[in-house]
Amino acid sequence: MRGKFITLEGIDGAGKSTHHAWLVGYLKSQGREVVATREPGGTELGEKLRALLLSEPMHLETEALLMFAARREHLDKLILPALKSGKWVVSDRFTDASYAYQGGGRGLAREKIQVLERWVQTGFQPDITVVFDLPTEIACERLAKTGQAPDRFELETRAFFERVRKTYLRRAVTEPDRIKVVDSRQSLDDIRKILEKFIVTL
Ligand code: TYD
């Protein structure tokens, strides 16, 4: 049987990576074979593209094209073969991030992203996408406390993250069956219970 594809999203600082690690461990404890991955990245070439994307200034269309180039490779080399062999794949970000960051954040026309999505995914979509939602001021405070050097996206303004956040929330309204929003102000335990309930429905 085909495995399930779960993607996690949210603005930087919303706690996605913490929940990603927990969810992967939880699914394994349930006896699933799980592949943990991330975007941009997930393959050898994809990780090289990630390094460029997170550090090099570039035209916003170049940025979008490279995101989808990395995604093409990710689908071909990792995501689709894993799902086919029955493994579950949990990705820290996927295409909703392109709509939110390159579209909402940077202002790239949604139609252009749709063209790339159709080209690269030919209708393929995650089984479920969880958006960890947090007011931008709290997310920025959390980011500042990590002590890690910010990447090219994390250096963006509050207004940028506001647009990214709004795009995620708007997408969740238009695709309620796939995209679920979780309020990241809740305790880790409460969020984990919500995630467990989502998993049961898959
Ligand atoms: P992120 O997932 O936040 O990783 P970390 O937790 O290690 O910082 O970093 C990836 C960045 O890439 C994030 O700021 C959002 C951005 N991004 C896009 O702009 N478009 C995309 O399509 C994807 C997948 C990511």
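The structure this text deals with has already been given above.
These numbers were taken from a predicted model, which means no experiment stands behind them. Counting restarts for each chain: residues are numbered from 1 in the order of the written sequence. In view of the model being predicted, local features appear only for residues whose pLDDT reaches at least 70, and side-chain atom pairs are presented and counted only at 80 or more, with totals across whole chains, interfaces and linings using the full set of residues. Computation of side-chain values covers all heavy atoms of the structure but excludes hydrogens and water.

### Quick word on the environment of Asp189
For clarity, the threshold we go by: Helix and strand labels come from DSSP, where a helix needs a run of H or I of at least four residues and a strand needs a run of E of at least two; each type is numbered from the N terminus.
As for its placement among the helices and strands, Asp189 is situated in helix α8 (residues 188-200). For the pair formed by Asp189 and Thr7, sequence separation is 182 residues and the distance between their alpha carbons is 20 Å.

### Here's the deal with the site of the ligand
The test is simple: Proximity is defined per residue: any heavy atom of the residue falling within 4 Å of a molecule or strand makes that residue near it. Polar contacts here mean pairs of N or O atoms no more than 3.5 Å apart (in protein, one a potential hydrogen donor and the other a potential acceptor; neighbouring residues in sequence count only if both atoms are side-chain atoms). Exposure was quantified through the Shrake-Rupley algorithm and a 1.4 Å probe, taking into account, for residues, occlusion by the shown protein chains and nothing else.
Residues in close proximity to the ligand total 18 residues, the closest being Asp12, Arg93, Ser98, Tyr101 and Gln102. A distance of 3.0 Å is found between an oxygen atom of the ligand and a side-chain nitrogen or oxygen belonging to Arg71. Here an oxygen atom of the ligand sits 3.0 Å away from a polar atom, N or O, in the side chain of Glu154. Protein contacts shield 88% of the accessible area of the ligand, which totals 550 Å² for the unbound molecule. Among the elements that line the shell around the ligand, the one with the most residues is helix α4 (residues 95-105), at 4 residues.

### Considering helix α1 (residues 16-29)
Put simply, the rule is: The span one expects for a helix is its residue count, reduced by one, times 1.5 Å. Only protein chains enter the accessibility calculation, which uses a 1.4 Å probe; a residue is then buried when its area is under 20% of its type maximum, exposed when over 50%, and partly exposed in between.
When the terminal C-alpha atoms of α1 are compared, their 20 Å separation across 14 residues agrees well with the 20 Å that a helix rising 1.5 Å per residue should span. Those residues of α1 not exposed but buried are Lys16, His19, His20, Trp22, Leu23, Val24, Tyr26 and Leu27. Positive backbone phi, at 90 degrees, marks Gly31, one or two positions downstream of α1.

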